[in-house]
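Structure assessment
Here's the letter readout for the chains.
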Amino acid sequence: MATDQRAKADTLSLRQRLLSSSCRLFFPEDPVKIVRGQGQYLYDEQGGEYIDCINNVAHVGHCHPLVVQAAHEQNQVLNTNSRYLHDNIVDYAQRLSETLPEKLCVFYFLNSGSEANDLALRLARQYTGHQDVVVLDHAYHGHLSSLIDISPYKFRYLDGQKEWVHVAPLPDTYRGPYREDHPNPAVAYANEVKRVVSNAQEKGRKIAAFFVESLPSVGGQIIPPAGYFSQVAEHIHRAGGVFVADEIQVGFGRVGKHFWAFQLQGEDFVPDIVTMGKSIGNGHPIACVATTQAVSRAFEATGVEYFNTFGGSPVSCAVGLAVLDVLEKERLQAHATCVGSFLMELLRQQKAKHPIIGDVRGVGLFIGVDLVQDEATRMPATQEADYVVTRLKENYILLSADGPGRNILKFKPPMCFSLDNAQLVVTKLDAILTDMEEKVRSCETLRLQRCSVKHPPEGPGPSSGPETGSGGQDANFTWGTSGLLKSPSDHPHPSLAAWP
């Protein structure tokens, strides 16, 4: 492969000319040009090394040599569609079946999580004979038109909610209607689903499926209360629908305690359909739907073939098998438990120190840090979160913010993320939050007071590569009652931007 000699500015100029502006970049004001990845690190064109805290696609690490080798070796022999007999596809299905409850025993292979969820919707509708779908507020299940329709995260900014889509409250025990002091939030939130289903039935609607991320990610790194899924499944099954667990962001051992995040809900709970993607190919486009014999037979009864040109190809399945091998050989599921627990403890220590941290929640290497403007009202600290993410980038740490208020710092790094990485990231976060608090206190009037903030990176970055971003330069910011604020119009969804 030829060495990439193009200057960063030239690459940006070409991208702006050739690609749609709807294809957005991280850090649009000062994007990072990434030319190489290894393990939990990404490298820019000048050799700067960044700790990747957000890439759950490179599940076992960027460019893992065993995964790269598996793809290369199979590519040299054969890559074709799944209409021919080949060992790789049945070996891969067998290996996946060993990780799942026994009744989830039929597999369909595809290329992306969106394809998987679209097929899950088709399966659910064919099996039940029903049309409607219940989803959680703020959910995102993919970019296809069928999935935009069941993703409040998207449809609220497009054509709005279709009559066949019904939205239940997110089971958020920190900011939702039933919080940590509620005696049984699982039942309370499940009863909200029951209410939504009943309202739909009163209008003559029939429920085909309940779609849910096993741990809602774009909704704000939410950990549903234990027992919630089984209660919801009862209501959905009683209405004639099926339960679809979307494991695309959180499956494959990320939660540490279990291989699948839905298993956090108890051994007795088994979904009717499970979708997976992203992590299962470590960057190679692989996805899968697992379901029951009953659901699959209803789909087969149409007589219409299901064919996916590239899904389940010999190369894709070789990559999938290699990812499973690495997970086992490197004990990455146990590693996620160990490092995730350590990171959670460090972050809880920061919560005790910094009032802006309202909540720390997570399991394994799926963690959210909820930044708030006020501990009592729990108002999202949207601009502060954006500021923290930018400052971390200047310190060679890649993190992002999500949630309805764009105020949740989300950690979902490659599974090889280490104890040392966790310690360094939290040390940098502590320094940035401390600096923010000092600048706020230095203002004579906190509300809409202009402060000139000088913020070089806190000590040397994790690499000797040149510094990037705006570190070391003066910048004028507007401060609110609890932190940094910019104009609400700078926010991607201005209606979400909190203004004092």
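Above this note sits the structure.
Residues numbered from 1 in each chain as written. Predicted model: local features only at pLDDT ≥ 70, side-chain atom pairs only at ≥ 80, totals over all residues. Heavy atoms only, no water.

Bringing helix H11 (residues 332-353) into the picture now. Across its 22 residues, H11 extends 31 Å between first and last C-alpha, which sits within 8% of the 32 Å expected from 1.5 Å per residue. Listing the buried residues of H11 in full gives Leu332, Ala336, Val339, Gly340, Leu343, Met344, Leu346, Leu347 and Gln350. (Helix = DSSP H or I, 4+ residues; strand = E, 2+ residues; numbered from the N terminus. Expected span 1.5 Å × (residues − 1). Buried < 20%, exposed > 50% of the residue type's maximum accessible area, 1.4 Å probe, protein only.)

According to the stated counting rule, one finds 22 salt bridges in the structure shown. With a shortest N-O distance of 3.2 Å, aspartate 370 and arginine 361 are connected by a salt bridge. Comparing aspartate 370 with arginine 361, the two get one shared label, buried. Counted as one network, the salt bridges with shared partners bring together Arg175, Asp359, Arg361 and Asp370. (Salt bridge = Lys/Arg side-chain N within 4 Å of Asp/Glu carboxyl O.)

Moving on: the nonpolar core. General note: in soluble globular proteins, nonpolar side chains tend to be found buried as a group. By size, the foremost hydrophobic cluster in this structure holds 96 residues, and its most contacted members are Tyr92, Phe210, Tyr228, Phe252 and Met276. At nine residues, helix H10 (residues 314-329) tops the list of elements feeding residues into this core. Ignoring any residue separated from it by four or fewer positions in sequence, one finds phenylalanine 210 in contact with Val134, Leu136, Val193, Tyr228, Val232, Ile236, Val242, Phe243 and Val244. The next biggest cluster of nonpolar side chains, apart from the first, holds 27 residues, and it includes Leu110, Ala124, Phe211 and Val244. (Core = buried A, V, L, I, M, F, W, Y, C linked by side-chain atoms within 4.5 Å. Contact = heavy atoms within 4.5 Å.)

At a minimum axis distance of 8 Å, the contact between helix H2 (residues 65-75) and H10 shows a crossing angle of 155 degrees. One element, H2, and the other, H10, form an angle in the roughly antiparallel class. Crossing of H2 against H10: the hand is right-handed. Together, Leu66, Val67, Ala70, Ala71, Gln74 and Asn75 of H2 and Pro314, Val315, Ala318, Val319, Ala322, Val323 and Val326 of H10 make up the contact between the two elements. Of the residues belonging to the contact of H2 with H10, the class tally is eleven nonpolar, two polar and no charged. (Axes fitted to C-alpha atoms, helices over the stretch in contact; angles between N-to-C directions. Parallel < 35°, antiparallel > 145°, perpendicular 65-115°, else oblique. Left-handed = near helix turned anticlockwise from the far one by under 90°. Nonpolar A, V, L, I, M, F, W, Y, C, P; charged D, E, K, R; others polar.)

Glancing now at the packing of aromatic side chains. Applying the stated criterion across every chain, the model contains 16 aromatic pairs. Through a chain of ring-to-ring contacts, three or more aromatic side chains come together here, namely Phe210, Tyr228, Phe229, Phe243, Phe262 and Phe269. One Lys or Arg, arginine 36, reaches over the ring of tyrosine 43 and ends 4.0 Å from the middle of that ring. For arginine 125, the ring lying beneath its charged end belongs to tryptophan 164, and the centroid distance is 4.5 Å. (Phe/Tyr/Trp six-rings, centres within 6.5 Å; stacked < 30°, edge-to-face > 60°. Lys NZ or Arg CZ within 6 Å of the ring centre and 35° of its normal.)

Turning our eyes to something else, we now look at the side chain of aspartate 246. Secondary-structure assignment places aspartate 246 in strand E8 (residues 242-246). One buried charged residue, aspartate 246, forms no salt bridge at all, with the nearest opposite charge on lysine 278 at 8.7 Å. Within the structure, aspartate 246 has its side chain in polar contact with the side chain of asparagine 117 (distance 3.0 Å). For aspartate 246, the contacting residues outside a window of four places in its chain are Asn117, Tyr140, His141, Val212, Glu213, Ser214 and Thr275. (Lys, Arg positive; Asp, Glu negative; His and termini not counted. Polar contact = N/O pair within 3.5 Å; in protein donor to acceptor, adjacent residues only side chain to side chain.)

This paragraph deals with the environment of phenylalanine 269. Relative to the helices and strands, phenylalanine 269 is located in the loop between E8 and strand E9 (273-276). Of the residues examined, phenylalanine 269 reaches a relative accessible area of 5% and is grouped as buried. Along the sequence, phenylalanine 269 and alanine 233 sit 36 residues apart, while their C-alpha atoms lie 8.6 Å from each other. Here phenylalanine 269 is in contact with Phe229, Ser230, Ala233, Phe243 and Phe262, once residues within four sequence places are set aside.

Below, the discussion takes up the packing of helix H3 (residues 87-97) against H10. It is the contact of H3 with H10, at a shortest axis distance of 8 Å, that shows an interaxial angle of 35 degrees. Handedness of the H3/H10 crossing: left-handed. In this structure, H3 uses Asn88, Ile89, Asp91, Tyr92, Arg95 and Leu96 to contact H10, whose residues at the interface are Pro314, Cys317, Ala318, Gly320, Leu321, Leu324, Asp325 and Glu328. Of the residues in the contact of H3 with H10, the class split is eight nonpolar, two polar and four charged.

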